[in-house]
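# Geometric and topological summary
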Amino acid sequence: MDMSQYKALFLSESREYLRSIAEQVVALEQSPGERSAVDALFRGAHSLKGMAASMEYGDVVVVAHSMEDLMARVRDGALPFDPGVADLLLEGVDLIDVLLQDVEQERPSTLPTGDFAQRLAIYTPAPPKAAPADQAEPQEPAAADAVTAPHSATAPAAADAAAPPAAEAEKAKEPAGEAGGTVRVKTELLDHLINLTGELVTNKQRLLTIAGELASPPLNDAISETAKLLRSLHDEVMKVRLMPFEAISDRFQRSVRSVAKKSGKEIHFELTGREIGLDRGMLEQLVDPLNHMLRNAVDHGIEESGDRERAGKPARGTVRLAVSRDRDRIQITVRDDGRGMEPATMIAAAVAKGILTPEEGELLSPRQALMLSCIPGFSTAKEVTDISGRGVGMDAVNAAIQKLGGTLGIESEPGVGTTISLRLPLTIAIIHALVVQVGQVKAAIPVNAVQRTVELSRRQIENIGKRQMFQLDDEAIPLLSLNRVLGMPLGRFPDGILPLFVTEARGRRVGIVVDRLLGQHELFVKQLGRPLAKMAGVAGGATLGDGEIVAILDLAGLL
Amino acid sequence: MTAERLLLFSAARQLFALNLQEVCEVMEPQRCYPLAGAPSHYHGLINFHGNLTALVDLAGYLRLQGRPLPGKVLVIDTKLAHLALKVDAVGSILDATSITGASSHEDPLTEAVLDTPHGSVHLLRLEALLTGLEQELQQSAPNNAKPGGT
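Source: prediction; values computed, not measured.

### A word on the overall build of chain B
If you tally the helices and strands in chain B, you get two helices and eleven strands. Helices and strands in chain B line up, N terminus first, as β-β-β-β-β-α-β-β-β-β-β-β-α. When burial is assessed residue by residue, chain B has 49% of its 150 residues classed as buried. Long-range pairs, those at least 24 residues apart, make up 55% of the contacts in chain B with a sequence separation of at least 6. When the accessible area of chain B is evaluated, it comes to approximately 7200 Å², of which 48% is carbon and sulfur surface.

Dropping the structure here:
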């Protein structure tokens, strides 16, 4: 029987099982006595094996079968769920993932799966270390504790009491099938749907332009009704494109685990909001920034166990990744209870590096001082990491978030910990943007990046050194010309009024002067493809209602 | 080595060719919207069946002396790029069997210089062209923001 037509479904379901298995492994490390999770792991490996066997993918069967056997020994009490078991299971997940790629590419697998199966079959836990003075591997005692303690606590009553919510959560993680009114849809179809919706939004703007010229009330009514329907259509299509955060969250758990292990720190990792839906396109682009933030939190934010105990904190540090939704915004926070950051130290480091003058440093608020870690060059310096305990690659994180139309904020209290908050739009496909005129060109700036617009009189401009500044909310804000940034002739402003918008660049508010502010538009963002996708400072393009094409500027890349 | 069918076109009094499969449409010049910050041989963006497509003056990119002709727009396959090339004229489709000779060329953009009944033709490497355009964009990043300038 030709099974090739079922290959896409097999790959999709297998990857969901792998994701679920990886999550369960990491969760079990946190609470090894969770019987329902042990059962779920066993079932996951068993289901994977069954699916692979029916498709005659022998290598996948071998690996899944050995994982299933290992979990059977754990389930039957013959083996504790220790870090060694976790490592082997995660290795198995990685191995199957590679095998699935081979299946997908229709190439023969060259991976030796027999050795892996053999290692699982003969696995026995390492004897516990007796000497508490063994400082070489500080993570070992904690991991051993995590295994032994739940064993004594795994009384049937306790296990039963814990079972219902865990079982419920487990049920929620079962891969979705065709049953229960759900269907699997190819992602290209969803992309096509959002494209069509976007084109309709563009066309609505075109109709609005025509209606403005004709001044016809019935036409206005019809367009108004069409606009409402379009808004509903857009909302529904966007819902279809949403994917739960858990689609990417397993790698964060593993990333934290890996950094903790390497740095010899004890970390408790918490993840909330895994069910929150995010735009599929955005989800993929969040992986690297979030990984960066979490690794920073573990590697630089959380102190060594000894330091924590001396500071009166639990030896085990906590890193929390939380996702929530507030109407049409997504909030993601990474919070640690580590050493925190000291604004004054950040300012001193920036002054020492010549990024700020001492006078400019004095003008910074504590929040602005913390945002210095997002300035390119500042964050890569080793001494800053040592001083602030944070900051590796935060400029890249900030740039990636701004490119998605989001904002990044940092709060920190020395000795207590740091919270980095990301606020993101629900969708990156259709956005509201401020359209501006610079020279002969129109450009669009996502409104998320615009704090406010100002019409500034020349009299309000002060010259401080070589800089031109103006006062806003008792803060001196430097002025930049967008014309100059884009290499275009400077604007003239014969009436003495300079239109500008205020945004945040390199941790500071900046006034960006343009020739004209043309108003806010709802735009369908289109990717520019090769070669323009490589152009710094341009996030995409869009068509205005009159058919004119504008570039959507990425201010983070531009400034 | 050479594709079975090539599309011949001219720019700055030179004959060029691309693999026919790399080109999806030849159009008359159409409304183009300037793109701030791009090098001068980027005429701007055009709307090609909903795809926002960069229109590049090929002669300008190759630093050849262009001609003031309305010319033609040669749209690259949208699966490969969102790029259209402004050229002087588009000629015939050349069958590989009519190529009488081929020699290599030191320019990485040129896969080969072909001897054809129409004369000497530079067969372009599309991938090299795209990579070159991308590298140029990365190197000509916008001015770093300078203070003032109002």
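### Quick look at the packing of helix H3 (residues 58-75) of chain A against helix H4 (residues 83-105) of chain A
Residue and element names in this part refer to chain A. For the pair H3 and H4, interaxial distance at closest approach is 10 Å and the crossing angle is 160 degrees. Between H3 and H4, the interaxial angle falls into the category roughly antiparallel. Crossing of H3 against H4: the hand is left-handed. Packed against H3, whose contacting residues are Asp59, Val60, Val63, Ala64, Met67, Leu70, Met71 and Val74, the element H4 presents Val85, Leu88, Leu89, Gly92, Val93, Leu95, Ile96 and Leu99 at the interface. Residue classes in the contact of H3 with H4 are distributed as 14 nonpolar, one polar and one charged.

### Here's the deal with the pattern of salt bridges
Residues and elements named next belong to chain A. Considering all chains together, one arrives at 29 salt bridges over all chains under this definition. Here Asp87 makes a salt bridge to Arg257, at a shortest N to O gap of 2.6 Å. One end of the pair, Asp87, is in helix H4; the other, Arg257, is in helix H10 (residues 246-263), and 170 residues separate them in sequence. Residue Asp87 is classed as partly exposed on the basis of its relative accessible area, which comes to 31%. Connected via shared salt-bridge partners are Glu29, Asp87, Arg257 and Lys261.

### A look at the sheet that holds strand E14 (residues 497-505) of chain A
All names here are of chain A. Spatially, the six strands line up as an open sheet ordered E10-E14-E15-E13-E12-E11, and their pairing is mixed. Single-partner strands in this sheet number two, and they are strand E10 (452-457) and strand E11 (462-464). Going across the sheet, the axis of each strand differs from the next one's by a mean of 45 degrees, ignoring polarity. Sheet topology places E14 next to strand E15 (residues 508-513); six bridges connect them, and they run antiparallel. In the strand pairing of E15, Leu500 is matched with Val513.

### Overview of a nonpolar patch on the surface
All names here are of chain A. There is a patch of nonpolar side chains on the surface, built from Val183, Val185 and Leu189 and spanning about 270 Å² of accessible area. With respect to the helices, strands and loops of the structure, Val183 is situated in the loop between helix H7 (156-173) and helix H8 (187-214). Residue classification places Val183 among the exposed residues on the basis of a relative accessible area of 63%.

### Comments concerning the confidence of the model for chain A
Caution applies to low-pLDDT regions: their predicted coordinates should not be interpreted in detail. Residue and element names in this part refer to chain A. In the predicted model, chain A carries a mean pLDDT of 81, and the fraction of residues at 70 or more is 87%. Counting contacts from residues 131-179, a segment whose pLDDT is below 50, to residues more than four positions away or on other chains yields 44 contacts. Scored below 50 in pLDDT, residues 380-392 shows 34 contacts in the model against residues more than four places distant or in partner chains.

### Focus: the interface of chain A and chain B
Contacts between the two partners involve 39 residues from chain A and, on the opposite side, 33 residues from chain B. At the boundary of chain A with chain B, total buried surface from both sides reaches about 3200 Å², with 64% on carbon and sulfur atoms. Looking only at chain A, the three residues that lose the most surface to chain B are Arg530(A), Pro531(A) and Ile549(A), adding up to 25% of its buried area. Inspection of the region where chain A meets chain B yields two salt bridges. In this structure, Arg530(A) and Glu134(B) form a salt bridge, with 2.8 Å as the shortest nitrogen-oxygen distance. Viewed at the interface, chain B and chain A are joined by five residue pairs in polar contact (both at pLDDT 80 or more).

### Comments concerning H3(A)
Residues and elements named next belong to chain A. The end-to-end C-alpha distance of H3, which contains 18 residues, comes to 25 Å, matching closely the 26 Å that a straight helix rising 1.5 Å per residue would cover. Looking at H3, one finds that the buried residues are Val60, Val63, Ala64, Ser66, Met67, Glu68, Leu70, Met71, Ala72 and Val74. Those residues of H3 that are buried are in contact with helix H1 (7-30), helix H2 (35-55), H4 and helix H5 (113-121). Just downstream of H3, Gly77 is the residue with a positive phi angle, here 85 degrees.

### Considerations on the side chain of Glu548(A)
Structurally, the position occupied by Glu548(A) is in the loop between strand E17 (538-543) and strand E18 (549-553). Given the relative accessible area of 15%, Glu548(A) is considered buried. In terms of polar contacts, Glu548(A) uses its side chain to reach the side chain of Lys442(A), at 3.0 Å. With near-sequence residues (within four places) excluded, Glu548(A) lies in contact with Lys442(A), Ala542(A), Thr543(A) and Tyr33(B).

### Some remarks on the confidence of the model for chain B
Residues and elements named next belong to chain B. Of the residues in chain B, 91% have a pLDDT of 70 or more, and the chain-wide mean is 88. Per-element confidence in chain B ranges from a low mean pLDDT of 87 for strand E9 (residues 101-103) to a high of 97 for strand E7 (residues 83-87). Confidence drops under pLDDT 50 across residues 143-150; counting only partners more than four residues distant or on other chains, this segment forms 30 contacts.

### Concerning the sheet that holds strand E4 (residues 42-48) of chain B
Residues and elements named next belong to chain B. Strand order in the open sheet formed by five strands is E3-E6-E7-E5-E4, and the pairing between neighbours is mixed. The open sheet has two edge strands with one neighbour each: strand E3 (23-27) and E4. When strand polarity is set aside, the average angle formed by the axes of neighbouring strands in this sheet is 30 degrees. Bridge count between strand E6 (residues 72-76) and E7: four bridges; the pairing is antiparallel.

### Focus on the packing of H1(A) against H2(A)
Residue and element names in this part refer to chain A. Close contact between H1 and H2 brings their axes to 9 Å; oriented N to C, the two are set at 160 degrees. As far as their axial angle goes, H2 and H1 are roughly antiparallel. In this structure, H1 meets H2 at a crossing whose hand is left-handed. Within the contact between the two elements, H1 uses Lys7, Phe10, Glu13, Ser14, Tyr17, Leu18, Ile21, Gln24, Val25 and Leu28 and H2 uses Ala37, Val38, Ala40, Leu41, Gly44, Ala45, Ser47, Leu48, Met51, Ala52 and Met55.

### Points about the pairing of E14(A)
Among the nine residues that make up E14(A), eight are buried, leaving the element largely enclosed by the rest of the structure. The hairpin formed by E14(A) and E15(A) contains two residues between the paired strands, and Arg506(A) there has a positive phi angle of roughly 50 degrees.

### Quick notes on the environment of Met488(A)
The topology assignment puts Met488(A) in the loop between helix H18 (482-485) and E14. For the pair Met488(A) and Val441(A), spaced 47 residues apart in the sequence, the C-alpha separation amounts to 9.5 Å. Setting aside anything within four residues of it in sequence, one finds Met488(A) in contact with Val438(A), Gly439(A), Gln440(A), Val441(A), Asn483(A) and Ala36(B).

### Focus on unusual backbone geometry
All names here are of chain A. Omega for the bond connecting Arg530 with Pro531 falls within 30 degrees of zero, at 0 degrees, which places this linkage in the cis form. You can see Pro531 is positioned in the loop between strand E16 (516-524) and E17. If you check the backbone angles, Glu106 has positive phi at about 55 degrees while not being a glycine. Following the sequence through the fold, Glu106 ends up in the loop between H4 and H5.

What counts, and where the lines are drawn
Residues numbered from 1 in each chain as written. Chains lettered and ligands numbered in written order. Predicted model: local features only at pLDDT ≥ 70, side-chain atom pairs only at ≥ 80, totals over all residues. Heavy atoms only, no water. Helix = DSSP H or I, 4+ residues; strand = E, 2+ residues; numbered from the N terminus. Buried < 20%, exposed > 50% of the residue type's maximum accessible area, 1.4 Å probe, protein only. Contact = heavy atoms within 4.5 Å. Areas by Shrake-Rupley, 256 points an atom, 1.4 Å probe, with all protein chains shown as cover. Axes fitted to C-alpha atoms, helices over the stretch in contact; angles between N-to-C directions. Parallel < 35°, antiparallel > 145°, perpendicular 65-115°, else oblique. Left-handed = near helix turned anticlockwise from the far one by under 90°. Nonpolar A, V, L, I, M, F, W, Y, C, P; charged D, E, K, R; others polar. Salt bridge = Lys/Arg side-chain N within 4 Å of Asp/Glu carboxyl O. Pairing = 2+ DSSP bridges. Patch = residues over 30% accessible without salt bridge, like charges linked within 9 Å, V, L, I, M, F, W, Y side chains within 5 Å. pLDDT = per-residue confidence, 0-100. Buried area = accessible area lost by both parts, 1.4 Å probe. Polar contact = N/O pair within 3.5 Å; in protein donor to acceptor, adjacent residues only side chain to side chain. Expected span 1.5 Å × (residues − 1).

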